Amino acid sequence: MLRLSLRSEIHDKLSESFLETFGKKSADFVVEIPPEGFGDYSTNIAMANAKLLHMAPKRIANKLLEALKAVSWLTSIEIAGPGFMNFKLSKEIYKHVLSEFIEEVKFPKLAKEKVQFEFVSANPTGPLTVGHGRQAIIGDVLSKVYRSVGYDVTTEYYFNDAGKQMKALGHSLWIRYNAIYGENQEFEEDDYKGEYLINIAKEFASEHGDAYIGKWNEEVQKFFTSYARDRMFDWIKRTLDKIGVRFDVYFKESSLYEKGVTDKAMALLKKREYVYEKDGTVWFAVSKILPEEEDRVIIRKNGEPTYFFSDIAYMLDKYQRGFKRVYYIWGADHHGYIPRMQAAAQALGVPDNFFNVIIHQFVTLKSGNEVVRMSKREGEFTSLEDLVERVGKDATRYFFAMLDPNTHLVFDVDLAESKKMENPVYYIQYAHARVVSLLRNAREKGISWENATLEGLALPAEFDIIRYMAEFQDVVTSVVSEYKPQKICNYAYSLSEKFHSYYNANKIVDVENKKLSADRISLCVGVKNVLRTVLSLLGTSSPDSM
RNA sequence: GUGCCCGUGGCUCAACGGAUAGAGCGUUGGAUUCCGGAUCCAAAGGCUGUGGGUUCGAAUCCCACCGGGCACACCA
């Protein structure tokens, strides 16, 4: 039985034929959809092996051609240009692929490994920014994709719940609380002066009254801190919920200390001689592993561990929990952090490839001709929540997913908000809704398609669409290996484009010709199934009507 | 200064080392007695930042430079 990826099928046949013909394994080569006029698929196998075989590409191609004659579904093989081999496929195979997609959109099964994606991980000291939003969507989409191809995926949010930042948060809340009662207290330098704490202070006051005015000690500090932390976290979770992101695990930094993982990590590093003391602090010898990097402090002069140390322990914890690979999604501002973490991975003795980082660049918001730079400072649309409320979940998700994580994202708020043609999300969803409406219409006219023979399909556009459906598994596979969610967006968009164009040029539902209608409707059902699957990977809805 | 990322039509972006560099927005001109016009068709618009190199072939890989972003803490 053929797989759903025609490329893979052809690739395999070529590999076999090559081995048969030349007695050795082929060098890497690709099978691709060529520009129009060069057949259905093409390969560079002959050119790629010219060096290996010391033979002209065209001669290689000619020899392979003999071996490939046995493959019945390759109806034509041509050698062109510098040595491309161009194939045409039989109608039968296209019908077969389509019937598979009508039944079910199958994912390639790539692995069963236990892996983890950790992202967002913002400390609960303020509202999430649009940058966090991008990260959340990249992480969420990638985890969905990994899960779909068989990985055992855990998504995780790590946050600091005990450190200096949290104390400052508690103190800031206390200041706002006092202010409600007209009691002016001074902010400390590291305090959070954002106005968002005012509302939380009001809630606090209504729940607990005025007992803490002007009273500040350790006990009060702890109380305010935990109150503020919980409220901030509720807020963060609510925001994430609005964009459809939920985590399997919310991991507290403090648990590393409670569980003793930090002690273990320290013991391990000591045993392997990667730590030393100097100037009253404890250092991790990054340079012992990466000579061009600097060593880093892990225990401060005041005896408190640094964040880096917690991160080392956290990595150990991840490893001990049985993950084969862990993915960290970080903003570009953290890229400098990678080498020391790699060194830590090596020092802890986790396997190569265990530690993986996906870096994404920053987000800029654009509205009209105004470019709003993302900043911590509360302004217009800098918070993720404001953005989602304005453009909606589907558009937010799509726009964050649609660009290569490695490029700067200019988020066009007006475009995302628009319910018109230029908005790619609506364009794709419209294609889906259109098929649904088409099916309803056909049923009303008494046309059924469940037993369509597909024999009537004959137009180039029809086979082009089926061929593009057959790309689905390859797209998914490349997202897994390249960490590029935008490929899903591009795929969904192109498929919609092909569908809209086909729809406009051809009558699908025609009572005068029920047999042909059934075949064409079947094609549309395939398109619908793929679109729905792809939209679900993006976490956006597939409306039946709009 | 050092390191990482990016540089593709006016704007925002695609392109798996391959054949004629593709879309959308914007601009211009068309399509509806008919399945959803939230659609479609077409035109104009490019020395892929610059200069070298690698090879049968480079937007893609390497080097240098230019321009933009980010990072260089006992902060996270």
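Up top you'll find the structure we're talking about.
In this text the structure is predicted, and so the values were computed from the model without any measurement.

Enquirer: Could you give an account of the packing of aromatic side chains, with specific residues and numbers?
Expert: One pass over the full model with this rule turns up 48 aromatic pairs. Taken together, Y177, Y181, F204, Y212, F223, F224 and Y227 form an aromatic cluster joined through their ring pairs. Positioned above the aromatic ring of Y274 is the side chain of K288, whose terminal nitrogen or guanidinium carbon lies 5.3 Å from the ring centre. Over the ring of Y328 we find K318; its NZ or CZ atom is 3.6 Å from the centre of that ring.

Enquirer: Any details on the sheet that holds strand β10 (residues 296-299)? Residues and values, ideally.
Expert: Adjacent strands of a sheet form backbone hydrogen bonds with each other and so pair up, either parallel or antiparallel. The 3 strands lie next to each other as β8-β9-β10, forming an open sheet whose pairing is antiparallel. Sheet topology places β8 (275-278) and β10 at the edges, where each strand pairs with a single neighbour. Across this sheet, the average inter-strand angle for adjacent strands is 45°, counted without regard to direction. Here 3 bridges tie strand β9 (residues 281-284) to β10, and the two strands are oriented antiparallel to one another. Along β10, the bridge assignment pairs F284 with R296. Of the strands in this sheet, β9 and β10 are in contact with helix α12 (residues 307-320), which crosses β10 at around 80°.

Enquirer: Describe the sheet that holds strand β1 (residues 31-32), and please don't skip the residues or the numbers.
Expert: Across the sheet, 4 strands lie side by side as β1-β2-β4-β3; this open sheet has antiparallel pairing. The open sheet has two edge strands with one neighbour each: β1 and β3 (74-80). As paired elements, strand β2 (residues 41-43) and strand β4 (residues 84-89) share 3 bridges and run antiparallel to each other. Paired with T43 across the bridge in β4 is M85. Sitting on the sheet, helix α4 (residues 57-68) touches β3 and β4, and the angle it makes with β3 is about 170°.

Enquirer: Residues and numbers for unusual backbone geometry, please.
Expert: Phi angles above zero are rare outside glycine, and E273 is one such case at about 60°. Inspection of the secondary structure assignment puts E273 in the loop between α11 (261-271) and β8. For D279, which is not a glycine, the phi torsion comes out positive at approximately 55°.

Cut-offs used in this document
- Position numbers for residues start from 1 in each chain and track the written sequence from start to end.
- Here every chain gets a letter starting at A, and every ligand a number starting at 1, in the order they are written.
- For this predicted model, a pLDDT threshold of at least 70 governs which residues receive local features, and a threshold of 80 or more governs which side-chain atom pairs are given and counted, while totals over whole chains, interfaces and linings are taken from all residues.
- To get the side-chain values, all heavy atoms of the structure are used, and hydrogens and water are removed first.
- Each Phe, Tyr or Trp ring, with Trp reduced to its six-membered ring, pairs with another whose centre is within 6.5 Å; inter-plane angles below 30 degrees give stacked pairs, above 60 give edge-to-face pairs, and intermediate values give tilted ones.
- Lysine NZ or arginine CZ positioned within 6 Å of the ring centre and within 35 degrees of the ring normal marks a charge as sitting over the ring.
- Only when DSSP finds a minimum of two bridges between them are two strands counted as paired.
- Strands are runs of DSSP state E lasting at least two residues, helices are runs of H or I lasting at least four, and both sets are numbered from the N terminus onward.
- An axis is simply a line fitted to the C-alpha atoms; with a helix, the fit covers only the stretch in contact. Between two such axes, the angle follows the N-to-C directions and lies from 0 to 180 degrees.
- Should any heavy atoms of two residues lie within 4.5 Å, those residues are considered in contact.

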